[in-house]
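Listed below are the residues making up each chain.
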Amino acid sequence: MPYATLDDGTRLAYDVHPGASGADGPGVLLFAGQALAGSSWSPLVEAFRAAGPVVVFDHRGIGASDDAFPRGWSTRDCARDAVGVLDAARSAGGIGDRVDVYGFSMGGRAAQWLAADHPDRVRRLILGATTVGDRHGVERPSDVLRILVRSDRRALLELFFPPDWLESHPESAEAILARPRSLPAQRAHFAASTDHDGAAALPRIEAPTLVLHGAEDRMCPAGNAEILRAGIDGARMRVYRGARHGYHLQEPAATVDALDFLTAP
């Protein structure tokens, strides 16, 4: 994977997958969730190549990226990191000036700031399984917070997928395996995600927006989808029955809906 070097010298590993034959979109940034590497999108990259070149990257402290954090690193800082990745990919000739952004979970939190602070870089926006933040959104249940703090792998997997579905799709369990390089990196991601407050960002989002969510999501309750839809001018929403936090891997219709949105005239 090539590296994007940020203003503070931190290197973030990224990759650009060329668009499929006939795909003429400007590029799609798939923005991973808390402590997840770019490889968390691997099951869907091939499908999204139909919308143009696909960019994935490893967050700070994750996967092949440097384990370096400024004090108080936030989702807004994470959005700035993503701009550095987009700059590097653009300079390498892989994507256009404005791209489509699909943010999942914490990636969706940061994507709110990316679209608000850098409207010239975001053509269309998808926010998946995410929230404006606990202060203005629907908080996760306390037992879910305990699972996150304990890092109970089986319990975490069942927050993402129903047990019967999970047994027949082990590749999805591998895709959403957290890959922090250190305990401080894991804590930095948890703090950034938990402290997110995008209330000031939502009214400033100009990009056409689609909000996607699993109806049975306990990690980020589905009521957050309606709050995002109502807070972003003209946003549309889809909620998938029977799907949990990992709706994007569990429900094929979610990818169909996302691609229809990204490739529409």
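The preceding data block contains the structure.
Throughout this document, residue positions are counted from 1 along each chain, in the order its sequence is written. Given that this is a predicted model, residues contribute local features only at a pLDDT of at least 70 and side-chain atom pairs are listed and counted only at 80 or more, while totals for whole chains, interfaces and linings are drawn from all residues. To obtain the side-chain values, all non-hydrogen atoms of the structure were used and water was disregarded.

Chemist: Looking at this model, I keep getting lost on the sheet that holds strand E5 (residues 99-104). Mind explaining?
Modeler: Sheet strands associate in pairs through backbone hydrogen bonding, adopting either a parallel or an antiparallel arrangement. Pairing in this open sheet of 8 strands is mixed, and the strands run E1-E2-E4-E3-E5-E6-E7-E8 from one edge to the other. Each edge of the open sheet carries a strand with a single partner, namely strand E1 (3-5) and strand E8 (236-240). Within the sheet, the average angular offset between the axes of one strand and its neighbour, ignoring direction, is 25°. In this scheme, strands are said to pair when DSSP sees at least two bridges between them. Secondary structure counts use DSSP, requiring at least four H or I residues in a row for a helix and at least two E residues in a row for a strand, with both numbered from the N terminus. Summarising the sheet, strand E6 (residues 122-128) and strand E7 (residues 209-214) pair through 4 bridges and their orientation is parallel. Note on E7: the bridge partner recorded for Leu-125 is Thr-209. The strands touched by helix H2 (residues 75-91) within the sheet are E1, strand E2 (11-17), strand E3 (28-31), strand E4 (54-57) and E5, with E2 carrying the most contacts at an inclination of about 55°. What counts as an axis is a line fitted to C-alpha atoms, over the stretch in contact for a helix, and the angles between N-to-C directions run from 0 to 180 degrees. Throughout, a residue-residue contact means that at least one pair of heavy atoms, one from each residue, lies within 4.5 Å.

Chemist: Would you explain the pattern of salt bridges in this entry?
Modeler: Opposite charge on two side chains permits them to pair, given that their charged atoms come into close proximity. Should a side-chain nitrogen of Lys or Arg be within 4 Å of a carboxyl oxygen of Asp or Glu, the pair is scored as a salt bridge. All told, the structure shown has 17 salt bridges when counted by the stated rule. For Arg-49, the salt bridge is made with Glu-46, and the minimal N-O distance between the two is 2.7 Å. Of the charged contacts, one joins Asp-100 and Arg-123 as a salt bridge, the two residues approaching to 2.8 Å between their closest N and O atoms. Of this pair, Asp-100 sits in strand E5 while Arg-123 sits in strand E6, and the two are 23 residues apart along the sequence. The buried label goes to any residue with under 20% of its type's maximum accessible area, the exposed label to any with over 50%, and the partly exposed label to all in between, with areas taken from a 1.4 Å probe on protein chains only. In this structure Asp-100 comes out as buried when scored by relative accessible area, which is 0%.

Honestly, it's all geometry; don't read function into it.
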